[in-house]
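Structural overview
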Amino acid sequence: MTDTLQLEQKVTRSDMSTLLILLLRGDLTMSELAAEMGAPLSSMTSIAKRLERKGLIARATSAQDQRVKLVTLTQEGLQLAKEWEQVMMALLGRLEEAFTPEELEHLTALLFKAAKVFQDGGPVTPQEVKRRPIKIQIEE
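An account of the accompanying structure is given in this report. (Residues numbered from 1 in each chain as written. Predicted model: local features only at pLDDT ≥ 70, side-chain atom pairs only at ≥ 80, totals over all residues. Heavy atoms only, no water.)

Another aspect to go through is the sheet that holds strand β1 (residues 28-29). Judged by pairing direction, the sheet is antiparallel, and its three strands sit side by side in the order β1-β3-β2 without closing on themselves. Strands with a single pairing partner mark the edges of an open sheet, and in this sheet they are β1 and β2 (57-61). Bridge analysis of β2 against strand β3 (residues 69-73) gives five bridges, and the strand direction is antiparallel. By the bridge assignment for β3, Ala58 is matched with Thr72. Relative to the sheet, helix α2 (residues 13-25) contacts β1, β2 and β3, its axis offset from that of β3 by approximately 90°. (Pairing = 2+ DSSP bridges. Helix = DSSP H or I, 4+ residues; strand = E, 2+ residues; numbered from the N terminus. Contact = heavy atoms within 4.5 Å. Axes fitted to C-alpha atoms, helices over the stretch in contact; angles between N-to-C directions.)

This is the structure we're talking about:
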């Protein structure tokens, strides 16, 4: 976790998410990046300005449309994003060691379900909640 803390001292989590999206997806327009982040364009603009001041991204005007800004990682931004990716992969490796393949499958399904609840923006309705208790066995 010390690697995570060191990286979080350099940039915020939203900054890091932005860098990771650019690492995984490549250069994006500001609108595409905002959509990927699930953030309003105004918020994405603030994040992009902060990352640009830190020298982690560059924004350039599109050759096809002068109104469109294309966002790209700088060498420093690419390096930081790759560091974060390595930390995440190490953490995932620890999970793979701790869980059986079946448990990982259940965990993944639950995480996607939780993400969908947040993405859809609404709470789970009472009809969707099961009232019966669930027993989770934890092996030590």
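Past the structure itself, the notes keep going.
Our focus in this paragraph is the nonpolar core. In terms of nonpolar packing, the biggest core is built from 21 residues, with Met16, Leu19, Leu22, Leu33 and Ile57 touching the most fellow members. With five residues, α2 is the single largest residue contributor to this core. Here Leu19 is in contact with Leu51, Leu56, Ile57, Leu73, Leu80 and Ala81, once residues within four sequence places are set aside. (Core = buried A, V, L, I, M, F, W, Y, C linked by side-chain atoms within 4.5 Å. Buried < 20%, exposed > 50% of the residue type's maximum accessible area, 1.4 Å probe, protein only.)

Every regular strand shows the same layout, with side chains that alternate between the two sheet faces. With two bridges joining them, β1 and β3 adopt antiparallel strand pairing. By the bridge assignment for β3, Thr29 is matched with Leu70.

In this section: the environment of Leu22. Summarising the element assignment, Leu22 is placed in helix α2. Judged by its relative accessible area of 3%, Leu22 falls in the buried class. The sequence separation of Leu22 and Leu73 amounts to 51 residues, and the corresponding C-alpha distance is 6.7 Å.

It is worth spelling out the side chain of Ser62 at this point. Its location among the elements puts Ser62 in the loop between β2 and β3. Taking the relative accessible area as the measure of exposure, Ser62 reaches 13% and is therefore buried. Within polar-contact distance, the side chain of Ser62 engages the backbone nitrogen of Asp65 at 3.4 Å. (Polar contact = N/O pair within 3.5 Å; in protein donor to acceptor, adjacent residues only side chain to side chain.)

This brings us to the packing of α2 against helix α3 (residues 30-37). Here α2 crosses α3 at 115°, and the two axes come no closer than 10 Å. Relative to α3, the element α2 is oriented roughly perpendicular. As for the relative orientation of α2 and α3, their crossing is right-handed in sense. Of the residues in α3, those in contact with Ser14, Ser17, Thr18, Ile21, Leu22 and Arg25 of α2 are Leu33, Glu36 and Met37. (Parallel < 35°, antiparallel > 145°, perpendicular 65-115°, else oblique. Left-handed = near helix turned anticlockwise from the far one by under 90°.)

Any two packed helices are characterised by the angle at which their axes cross and by the distance between the axes. For the pair α3 and helix α4 (residues 41-53), interaxial distance at closest approach is 9 Å and the crossing angle is 105°. When the axis of α3 is compared with that of α4, the two are roughly perpendicular. Together, Met30, Ser31, Leu33, Ala34 and Met37 of α3 and Leu41, Met44, Thr45, Ile47 and Ala48 of α4 make up the contact between the two elements. When its residues are assigned to classes, the contact of α3 with α4 shows eight nonpolar, two polar and no charged. (Nonpolar A, V, L, I, M, F, W, Y, C, P; charged D, E, K, R; others polar.)

Along its 13 residues, α2 runs 18 Å from first to last C-alpha, staying within 8% of the 18 Å computed at 1.5 Å per residue. Within α2, the full set of buried residues consists of Asp15, Met16, Thr18, Leu19, Leu20, Ile21 and Leu22. Taken together, the buried residues of α2 touch β1, α3, α4, β2, β3 and α5 (75-98). Following α2 by one or two positions, Gly26 adopts a phi angle in the positive range, close to 85°. (Expected span 1.5 Å × (residues − 1).)

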